[in-house]
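Reading the structure
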Amino acid sequence: MSSGVKVLTSDDKVHTGITQLGALSGMFLGEGLIKLHKDKIINEENITNIVKKLQNTKGLKTVCENLLKSGNCGKAASIIKGLLFVGGSITSYSIGEKIGKNTADRICADAGIKVRKKIDQKV
């Protein structure tokens, strides 16, 4: 929805539309890849194995003991999956936006469409 608003309120609708198409495509691609693989990598068993390897590490002993209590590694895995999904979504959107902007620049230049340059204002 926010991409639609950006396009509708933009002075350069073609350029903004292409940029936002790239951003959303990148985001959905990244989210799809994360959904496809996250359960194979981040699960209660793998978290438990990592915690067991780290339980004798100085400064982590108490944390590891609490995680090894019944069900806590599963909860930790769920939290990590959520954080990974959000971070991956934001990152893939940003990458898609940069690719979309470069593509929009080329398309607009080839088609002779003038693009308004935005001046970054630092406050």
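Now for a quick tour of the structure. (Residues numbered from 1 in each chain as written. Predicted model: local features only at pLDDT ≥ 70, side-chain atom pairs only at ≥ 80, totals over all residues. Heavy atoms only, no water.)

A word on the overall build of the protein chain
So the rule is basically this: Labels follow the DSSP assignment, with helices taken as runs of H or I lasting at least four residues and strands as runs of E lasting at least two, numbered in each case from the N terminus. Exposure categories follow from relative accessible area, calculated using a 1.4 Å probe and restricted to protein chains: below 20% of the type maximum is buried, above 50% is exposed, and the middle band is partly exposed. The contact rule is simple, with two residues in contact once any of their heavy atoms fall within 4.5 Å. Using a 1.4 Å probe, accessible areas were evaluated by the Shrake-Rupley method; residue-level cover was limited to the displayed protein chains.
For the protein chain, the count of helices and strands is five helices and zero strands. Helices (α) and strands (β) of the protein chain occur, in sequence order from the N terminus, as α-α-α-α-α. Taking the principal axes of the C-alpha coordinates as reference, the protein chain spans close to 65 × 35 × 25 Å. Within the protein chain, the fraction of its 123 residues that count as buried is 27%. In the protein chain, the proportion of contacts linking residues at least 24 apart, taken out of those at least 6 apart, comes to 72%. Approximately 9100 Å² of the protein chain is accessible, and the part contributed by carbon and sulfur atoms is 63%.

Remarks on the nonpolar core
Convention followed: Among buried residues, those of type Ala, Val, Leu, Ile, Met, Phe, Trp, Tyr and Cys that are joined through side-chain atoms within 4.5 Å constitute a nonpolar core.
Counting residues in each nonpolar core, the largest one holds seven residues, listed as Ile-42, Ile-47, Val-51, Cys-64, Cys-73, Ala-76 and Ala-77. Elements with a contribution of two residues or more to this core: helix H3 (44-54) and helix H5 (72-111). Contacts of Ala-77, omitting those with residues within four sequence positions, involve Ile-42, Asn-43, Glu-44 and Ile-47.

Focus on H5
Basically, it comes down to this: Helix span, expected: 1.5 Å multiplied by one less than the number of residues in the helix.
Here H5 is 40 residues long and its end C-alpha atoms lie 57 Å apart, about the 58 Å a rise of 1.5 Å per residue gives. Gly-112 lies just past H5 and shows a positive phi near 75 degrees.

Observations regarding the side chain of Ser-3
Within the fold, Ser-3 resides in helix H1 (residues 2-9). Apart from residues no more than four positions distant in its own chain, Ser-3 is found in contact with Gln-20, Leu-24 and Tyr-93.

Some words on the side chain of Ser-89
Using the following cut-off: Within 3.5 Å is the distance limit for a polar contact, defined as a pair of N or O atoms, with the added protein rule that one can donate a hydrogen and the other accept it, and that residues adjacent in sequence qualify only through two side-chain atoms.
With respect to the element layout, Ser-89 can be found in helix H5. Taking the relative accessible area as the measure of exposure, Ser-89 reaches 11% and is therefore buried. Here the side chain of Ser-89 touches Glu-31 through a polar contact of 2.6 Å, side chain to side chain. Residues in contact with Ser-89, not counting those within four places in the same chain, are Met-27, Glu-31 and Ile-34.

Section: the pattern of salt bridges
The test is simple: In what follows, salt bridge is the name for a side-chain nitrogen of Lys or Arg lying within 4 Å of a carboxyl oxygen of Asp or Glu.
Tallied over the entire structure, the rule returns two salt bridges. A salt bridge links Lys-81 to Asp-39; its shortest N-O distance comes to 2.8 Å. A residue pair is termed long-range when its members are at least 10 positions apart, and Lys-81 in helix H5 and Asp-39 in helix H2 (residues 13-41) qualify at 42 residues. Across the salt bridge formed by Lys-101 and Asp-105, the nearest N and O atoms sit 3.0 Å from each other. Here Asp-105 and Lys-101 lie together in helix H5, a separation of four residues that amounts to about one turn. Given the relative accessible area of 38%, Lys-101 is considered partly exposed. The exposure class of Asp-105 is partly exposed, given its relative accessible area of 25%.

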